[in-house]
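What the coordinates show
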Amino acid sequence: MAKAKVPFFGVAREYAACGADMLPLVEAALASGGLLQGAEVASFEQELAAYCGRAHAVAVGSCTDALFFSLVAAGVGQGDEVLVPDFSFVASASCILRAGATPVFCDVDPWGNMELDKAAKLATPRTKAMIYVHLYGRMGQPAGIEAFARERGIALIEDAAQAIGASHGGRRAGSMGLAGCISFDPTKPLSCLGSGGAVTTDDPALAEDIRSLRYHGRDAARKFSRLGYNSQMPSASAALLRYKLRQDPAWGDRRREIAARYCDALEPLGLAVPREEPGTRHIYHKFVIKTQRRDELAAHLKAQGIEVMVHYADALHAHPLFAPALPQGGPQSPNAQALAATALSLPMHPWLDEADIQAVLQAVGGFFGK
Ligand SMILES: Cc1ncc(COP(=O)(O)O)c(C=O)c1O
């Protein structure tokens, strides 16, 4: 295989470009002595809440924990059902099992967002919550979902792991429903020093509950009053995230600019491309194309030094983890299955330069004989 010419992930280049700005911030957080949940974390929580248009943000150790804590705080447990799209990263649904509830897998639209009419058909009196995923950094049709959840008394939890910086009709990812869950792991649009996440909410009681869950179940009176966990954010991660949040909108707009270049060049080849819809900001956590010749194209691009990945190779319900939770005959999810067979993620990060973009477009064009 050729040496990677165009890297899939941008973190090394990000460090090369911004390390000189970032290192003193990390150093100051280390020198402060408050390594976990220090002043930087409190400041980051305030800035993140303001950015998402929420009253509160609570930093935790990962988005996996953010999702689980949100379900627990919403009172989801044994005997409850939780609607979840059938196409996402495993953490969107494993949190439901962790809470002791049953995932109900719902088919998605052609770009992977949960579809309201299908979700509505799957809702039962046992549906206590729904997890709405902004897959690949695209928000889909959140307005209808919010109204549906409100009318049915269902706790809406946003899996915005991939979507910080995305918006729909002026509303940012992280601003929907009861709780928004965001990831800052190194593959995400804003990354910290390792795993990291946050819950955003307008509900003060929910924020208090998450603060308690992230630190061993301690309450406001500093008594350990419930079963809790240890899921904190290092201060150095928060310092880095404060810096990265200030790079908005530049870093996100660079992703969108590259995405527009990809779309303009690849659509004429007959490929399905993720155009940004009017009134929305797609943050392109992943830039995904769809082709029946996906595996052949992936091999061709890798041979040319273009790093590509598949997100995801299976519908969620197909993973053995969920087998015991499936209804007889399993869910029917033709759109999720079609995505699993055709989706291919191309390199996407703000640090791709003109030569990288040209290399990607020429390699894809070469495959299709153009
Ligand atoms: C859609 C989705 N949900 C949840 C997660 C979990 O995030 P974390 O790695 O911060 O636990 C991820 C991470 O890839 C994700 O893509």
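Please refer to the structure higher up on the page.
Residues numbered from 1 in each chain as written. Predicted model: local features only at pLDDT ≥ 70, side-chain atom pairs only at ≥ 80, totals over all residues. Heavy atoms only, no water.

This part covers the overall build of the chain. Regarding its fold elements, the chain presents 12 helices and 12 strands. Whereas a compact globule of 370 residues would reach a radius of gyration of roughly 21 Å, the chain reaches 21 Å, a difference of no more than 12%. Projected onto its principal axes, the C-alpha positions of the chain cover 65 × 55 × 35 Å. Expressed as a percentage of the 370 residues in the chain, the buried residues total 55%. Sequence separation of 24 or more characterises 72% of the internal contacts of the chain that already satisfy a separation of 6 or more. With the model as given, the accessible surface of the chain reaches about 15,000 Å², and the carbon-plus-sulfur share is 55%. (Helix = DSSP H or I, 4+ residues; strand = E, 2+ residues; numbered from the N terminus. Rg over C-alpha atoms; globule rule 2.2 N^0.38 Å. Buried < 20%, exposed > 50% of the residue type's maximum accessible area, 1.4 Å probe, protein only. Contact = heavy atoms within 4.5 Å. Areas by Shrake-Rupley, 256 points an atom, 1.4 Å probe, with all protein chains shown as cover.)

Quick look at the sheet that holds strand β7 (residues 171-172) now. Spatially, the 3 strands line up as an open sheet ordered β7-β6-β10, and their pairing is antiparallel. The sheet is open, and its two edges are formed by β7 and β10 (280-281), each paired on a single side. For strand β6 (residues 167-168) and β7, the ladder comprises 2 bridges, and the chain directions are antiparallel. The residue bridging Ser 167 from the neighbouring strand is Arg 172, located in β7. (Pairing = 2+ DSSP bridges.)

Turning our eyes to something else, we now look at the site of the ligand. Near the ligand you find 17 residues, and of these Thr 64, Asp 159, Gln 162, Ser 183 and Lys 188 are the closest. Contact between the ligand and Asp 159: a nitrogen atom at 2.8 Å from a side-chain N or O atom of the residue. At 2.7 Å, a side-chain N or O of Ser 183 approaches an oxygen atom of the ligand. Calculation on the ligand without its partners gives an accessible area of 390 Å², and the protein chains cover 92% of this total. Looking at the shell around the ligand, the elements with two or more residues in it are α3 (63-73) and α4 (91-98). In terms of residue count, α3 provides more of the shell around the ligand than any other element does, 3 residues in total. (Near = heavy atom within 4 Å. Polar contact = N/O pair within 3.5 Å; in protein donor to acceptor, adjacent residues only side chain to side chain.)

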